[in-house]
Amino acid sequence: MTRLLILAATAAALMTSGCITVIDADSDDMAWHGNDAQPFDASREDCDRRTESGSAFRACMAEKGWTRG
């Protein structure tokens, strides 16, 4: 039983190790997920500065590896 729990915990850790989730962001930022993404705060600031519409902002964030989930 102990081996099964260790195996399950290890498998869960490995499955989530490739993903980045924004944990310490405010509630609006919690929906963003990235895989091999650039740092979130810098990406958000750059995209805020460079875009004017919501769809352009999402496209900019996607270029940096972030998607809304």
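(A) Fine view of the overall build of the chain. Helix and strand counts for the chain stand at 3 helices and 3 strands. For the chain, the succession of helices and strands along the chain, N to C, is α-β-β-α-α-β. Residues classed as buried in the chain amount to 23% of the 69 residues present. A separation of at least 24 residues holds for 43% of the contacts in the chain among residues at least 6 apart in sequence. Working note: accessible area of the chain is about 5100 Å², and carbon and sulfur atoms make up 57% of it.

(B) Inspection of the state of the cysteines at higher detail. Enumeration according to the criterion identifies 1 disulfide in this entry. The residue that forms a disulfide with Cys47 is Cys60, at a sulfur-sulfur distance of 2.1 Å. Looking down the S-S bond of the Cys47 and Cys60 bridge, the torsion is -80°, so its handedness is left-handed. With a gap of 13 residues between them, Cys47 in helix α2 (residues 40–50) and Cys60 in helix α3 (residues 54–63) connect regions that are remote in the sequence. An identical accessibility class is assigned to Cys47 and Cys60; each is buried.

(C) Representation of the nonpolar core. Ranked by size, the top nonpolar core spans 8 residues in total: Trp32, Ala37, Phe40, Cys47, Phe57, Cys60, Met61 and Trp66. Those elements that provide at least two residues to this core are α2 and α3. Looking at which element gives the most residues to this core, the answer is α3, with 3 residues.

(D) Spatial organisation of the pattern of salt bridges. Under the counting rule described, the total for this entry stands at 5 salt bridges. Among the salt bridges present, the one from Arg50 reaches Asp46, with a minimum N-O distance of 3.3 Å. Of the two residues, Arg50 and Asp46 both sit in helix α2, 4 residues apart, roughly one turn of that helix. On the basis of relative accessibility, which here comes to 17%, the residue Asp46 falls in the buried class. Across the pair Arg50 and Glu63 runs a salt bridge, and its minimum N-O distance is 3.8 Å. Here Arg50 is found in helix α2, whereas its partner Glu63 is found in helix α3, with 13 residues between them in sequence. Residues joined in a network through salt bridges with shared partners are Asp46, Arg49, Arg50, Glu63 and Lys64.

Reading the values: rules and limits
- Residues numbered from 1 in each chain as written.
- Predicted model: local features only at pLDDT ≥ 70, side-chain atom pairs only at ≥ 80, totals over all residues.
- Heavy atoms only, no water.
- Helix = DSSP H or I, 4+ residues; strand = E, 2+ residues; numbered from the N terminus.
- Buried < 20%, exposed > 50% of the residue type's maximum accessible area, 1.4 Å probe, protein only.
- Contact = heavy atoms within 4.5 Å.
- Areas by Shrake-Rupley, 256 points an atom, 1.4 Å probe, with all protein chains shown as cover.
- Disulfide = S-S within 2.5 Å.
- Core = buried A, V, L, I, M, F, W, Y, C linked by side-chain atoms within 4.5 Å.
- Salt bridge = Lys/Arg side-chain N within 4 Å of Asp/Glu carboxyl O.

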